[in-house]
Amino acid sequence: MNPGEQPVGLEVELFREDFCAATEQIVLNSPMFLFIYAAQRRQAARQVWLIGLCVFALGLLALLAGAPGLALPGLAFGLATPLLAMLIVQLISQDRIARTSARLLERAIEARQSSWRSGAWTFEADAKGATWSNGKRTVRAAWGVVVAIVKTPTHVLVLDADAAVMILPVRCFDAPEDAEALTHAMGALVEVARAESAAAA
Amino acid sequence: MTGSGLFISFDYTVTPEDVTEGAVLIATGSPTWVATRRRSQRVFRRIALVMFLVGVVGGVIAFAGPPAINGVPWFRLCGIALIFSVLAWLFSRGLSPGAQERAQRVLLKGAIDRGEMDALIGDVVFVEVNEAEVTWSTSLRSCRDSWEAISAVLVGPDHALLLDSPATGVLFPRRVFASDATFAGFIAAARERVDRTGASA
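Colleague: Teacher, can you tell me more about the overall build of chain B here?
Modeller: Across its full length, chain B holds 5 helices and 8 strands. For a compact globule of 201 residues, the expected C-alpha radius of gyration is about 17 Å, and chain B comes in at 24 Å, more than 25% above that figure. A principal-axis box enclosing the C-alpha atoms of chain B has dimensions of 80 × 45 × 30 Å. By residue count, 44% of the 201 residues in chain B fall in the buried class. Expressed as a percentage of contacts within chain B between residues at least 6 apart in sequence, the contacts between residues at least 24 apart total 61%. Of the accessible surface of chain B, which amounts to about 10100 Å², a share of 63% is contributed by carbon and sulfur atoms. In chain B, the 19 positive side-chain charges and the 19 negative ones have mean positions that sit 15 Å from each other.

Right, dumping it as structure tokens:
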């Protein structure tokens with residue numbers, strides 16, 4: 001299966017679980033999400049540091065004012081702030097966010113709050129790019145805008161710069177080796193497109 | 001731009017403001033994102049309330065409690081609980097729509113200044129809308145959405161966005177419309193079309 005040599009076409013039946021698996025991988029691989037969550041983590045850690053500094057200063061003031069009973073908790077809390085900041089950063093790790101996002105998407109699909117619908121999709125890939133459609137939505141992406149081709153034990157995912165995703169469950173391939181071959185072939189096409197755009201720039 | 005109501009077509013060059021406003025509209029208006037934020041906000045508010053109550057009860061006991069349980073450091077307990085209460089309240093405030101909008105603007109400004117959005121800025125986007133579908137395309141990407149794939153119409157001061165997945169959509173800058181009335185007419189027609197599709201789904 002090599003779209004660079006011959007166009008590839010696949011009929012895909014997607015279920016809610018497929019979208020949830022895809023969401024986890026989007027959060028873990030899409031540059032847009034990596035960037036947003038990294039910035040949010042930095043912001044949260046900064047807030048905790050700031051609050052810790054204020055509490056430490058208050059504790060210090062209490063100590064100077066001769067109230068050690070009040071000062072000790074403040075100083076202890078201030079000194080424990082780096083630990084708390086580390087804990088918060090750990091709590092909002094990319095893995096955890098990915099799992100939470102998948103769970104929330106599952107609920108959103110159940111509540112029909114999300115426009116991602118299960119059902120039949122078609123995937124077509126050729127030397128220039130990939131097309132993904134369910135009749136209601138058709139997305140065409142040249143290999144140059146694909147940011148990641150992700151292969152998990154159960155899915156092959158094509159992510160583009162806008163965090164749109166094409167989801168190919170391994171069960172839709174005749175053999176698991178076909179999924180592996182398509183992943184490598186698409187990866188090579190993305191590399192070529194990137195090299196061409198870098199050369200053009 | 002040509003046409004009026006739902007039947008319009010135009011092209012525009014993406015500016016840094018378009019990228020920022022599009023991201024702000026999605027972060028503050030996408031039903032999936034809003035649901036995620038409200039859930040986190042609820043959790044932090046509950047923590048703040050519980051800690052506040054612990055703090056108040058601790059304070060009351062410290063002042064008026066029976067001597068038999070005075071061995072417990074109620075003042076310290078009260079202070080620590082109140083500090084955590086303020087901390088949780090601050091986090092819940094950080095998740096308000098206004099705070100999220102400000103955070104998104106800061107994030108995007110940083111990304112634009114660092115050149116991380118150069119792939120999008122300067123791109124020429126062609127948009128075509130009619131009674132059946134919304135189409136947009138650039139040199140490397142294209143997307144055709146039937147109205148059934150559009151889940152919401154988000155409107156900002158100078159942009160409208162048709163949301164086609166939890167985190168992507170088609171952007172309509174006000175500047176491409178002939179007048180404010182044409183822009184308002186398009187938004188009204190699009191809302192009516194999305195409501196009609198939602199009602200029949």
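The rest of the description comes next.
Colleague: It is not clear to me how the environment of S151 of chain B should be interpreted in this structure. Could you clarify?
Modeller: Looking at where S151 of chain B falls in the secondary structure, it is placed in the loop between β5 (141-146) and β6 (152-155). Separated by 78 residues in sequence, S151 of chain B and P73 of chain B place their C-alpha atoms 54 Å apart.

Colleague: Sorry, what's going on with the packing of aromatic side chains here?
Modeller: When we look at a pair of aromatic rings, we describe it by the centre distance and by the angle of the planes. This model, assessed by the stated rule, comprises 7 aromatic pairs over all chains. Look at W121 of chain A and W132 of chain A: their rings are 4.8 Å apart centre to centre, the planes differ by 15°, and that puts the pair in the stacked class. Pair noted here: W121 of chain A is in strand β2 (residues 119-125) and W132 of chain A is in strand β3 (residues 129-133), with a separation of 11 residues, a long-range link. You'll find W121 of chain A and W132 of chain A in the same group, each marked buried. Pairing F10 of chain B with F172 of chain B gives two aromatic rings, centres 5.8 Å apart and planes at 65°, and the pair type is edge-to-face. In this pair, F10 of chain B is assigned in strand β2 (residues 7-13) and F172 of chain B in strand β8 (residues 168-173), connecting sequence segments 162 residues apart. You can call F10 of chain B buried: its relative accessible area is 3%. The exposure class assigned to F172 of chain B is buried, which follows from its relative accessible area of 0%. One aromatic cluster in this structure is built from F10, Y12, F172, F177, F183 and F186 of chain B.

Colleague: Honestly, the pattern of salt bridges in this entry has me stumped. Any pointers?
Modeller: Oppositely charged side chains may form a pair once their charged atoms are brought near each other. Residue and element names in this part refer to chain B. Summed over all chains, the structure comprises 16 salt bridges over all chains. Between R175 and D18 there is a salt bridge; the shortest N-O distance is 2.6 Å. Taken as a pair, R175 in the loop between β8 and α5 (180-200) and D18 in helix α1 (residues 16-29) lie far apart in primary sequence, 157 residues in all. The exposure class assigned to R175 is partly exposed, which follows from its relative accessible area of 45%. Notably, a salt bridge pairs R196 with E131, separated by 3.4 Å at the nearest N-O pair. Here E131 lies in the loop between β3 (124-129) and β4 (133-137) and R196 lies in helix α5, a separation of 65 residues in the sequence. Residues joined in a network through salt bridges with shared partners are E131, E192, R193 and R196.

Colleague: Would you mind showing me how to read the sheet that holds β4 of chain B here?
Modeller: Two orientations exist for strands paired in a sheet by backbone hydrogen bonds: parallel and antiparallel. Overall, antiparallel pairing links the 9 strands, which are arranged β1(A)-β2(A)-β3(A)-β4(A)-β5(B)-β4(B)-β3(B)-β2(B)-β1(B) in an open sheet. Strand pairing shows two members of the sheet lacking a second neighbour, β1 (8-14) of chain A together with β1 (2-4) of chain B, which therefore form its edges. Strand-to-strand, the axes of this sheet are offset by a mean angle of 15°, without reference to chain direction. Inspection of the sheet shows β1 of chain A paired to β2 of chain A by 7 bridges, in the antiparallel sense. Following the sheet pairing, L10 of chain A is matched in β2 of chain A by F123 of chain A.

Colleague: I keep staring at the state of the cysteines and nothing clicks. Help me out?
Modeller: Chemically, a disulfide is nothing more than a covalent bond linking the sulfur atoms of two cysteines. All names here are of chain A. According to the stated counting rule, one finds 0 disulfides over all chains in the structure shown. Cysteine C20 shares no disulfide, and the gap to the nearest cysteine sulfur, in C172, comes to 16 Å. Residue C20 is classed as buried on the basis of its relative accessible area, which comes to 9%.

Colleague: What is the right way to look at the interface of chain A and chain B in this model?
Modeller: The parts lose accessible area when they come together, and the size of an interface is often stated as this lost area. Facing 39 residues of chain A, the contacting portion of chain B comprises 38 residues. Interface area for chain A against chain B, summed over the two sides, is near 3200 Å², with a carbon-plus-sulfur share of 64%. Along the contact surface separating chain A from chain B lie 3 salt bridges. We note a salt bridge from D164 of chain B to R137 of chain A, for which the minimum N-O separation is 3.2 Å.

Colleague: Can you walk me through helix α5 (residues 176-200) of chain A in this structure?
Modeller: All names here are of chain A. For α5, built from 25 residues, the straight-helix expectation of 36 Å at 1.5 Å per residue is met to within 8% by its first-to-last C-alpha distance of 37 Å. The complete set of buried residues in α5 reads A179, L182, T183, A185, M186, L189, V190 and A193. Buried residues in α5 make contact with β1, β2, β5 (146-151), β6 (155-160) and β7 (165-169).

Colleague: Sorry, what's going on with the sheet that holds strand β7 (residues 159-165) of chain B here?
Modeller: Residue and element names in this part refer to chain B. Taken in spatial order, the 3 strands of this open sheet run β6-β7-β8, and their pairing is antiparallel. A single partner strand is all that each edge strand has here, and the edge strands are β6 and β8. With strand direction ignored, the average angle separating the axes of adjacent strands in the sheet is 25°. Sheet topology places β7 next to β8; 6 bridges connect them, and they run antiparallel. When the sheet's bridge partners are listed, S165 is paired in β8 with T168. Of the strands in this sheet, β6, β7 and β8 are in contact with α1, which crosses β7 at around 60°.

Criteria and thresholds
Residues numbered from 1 in each chain as written. Chains lettered and ligands numbered in written order. Predicted model: local features only at pLDDT ≥ 70, side-chain atom pairs only at ≥ 80, totals over all residues. Heavy atoms only, no water. Helix = DSSP H or I, 4+ residues; strand = E, 2+ residues; numbered from the N terminus. Rg over C-alpha atoms; globule rule 2.2 N^0.38 Å. Buried < 20%, exposed > 50% of the residue type's maximum accessible area, 1.4 Å probe, protein only. Contact = heavy atoms within 4.5 Å. Areas by Shrake-Rupley, 256 points an atom, 1.4 Å probe, with all protein chains shown as cover. Lys, Arg positive; Asp, Glu negative; His and termini not counted. Charge placed at Lys NZ, Arg CZ, Asp CG, Glu CD. Phe/Tyr/Trp six-rings, centres within 6.5 Å; stacked < 30°, edge-to-face > 60°. Salt bridge = Lys/Arg side-chain N within 4 Å of Asp/Glu carboxyl O. Pairing = 2+ DSSP bridges. Axes fitted to C-alpha atoms, helices over the stretch in contact; angles between N-to-C directions. Disulfide = S-S within 2.5 Å. Buried area = accessible area lost by both parts, 1.4 Å probe. Expected span 1.5 Å × (residues − 1).

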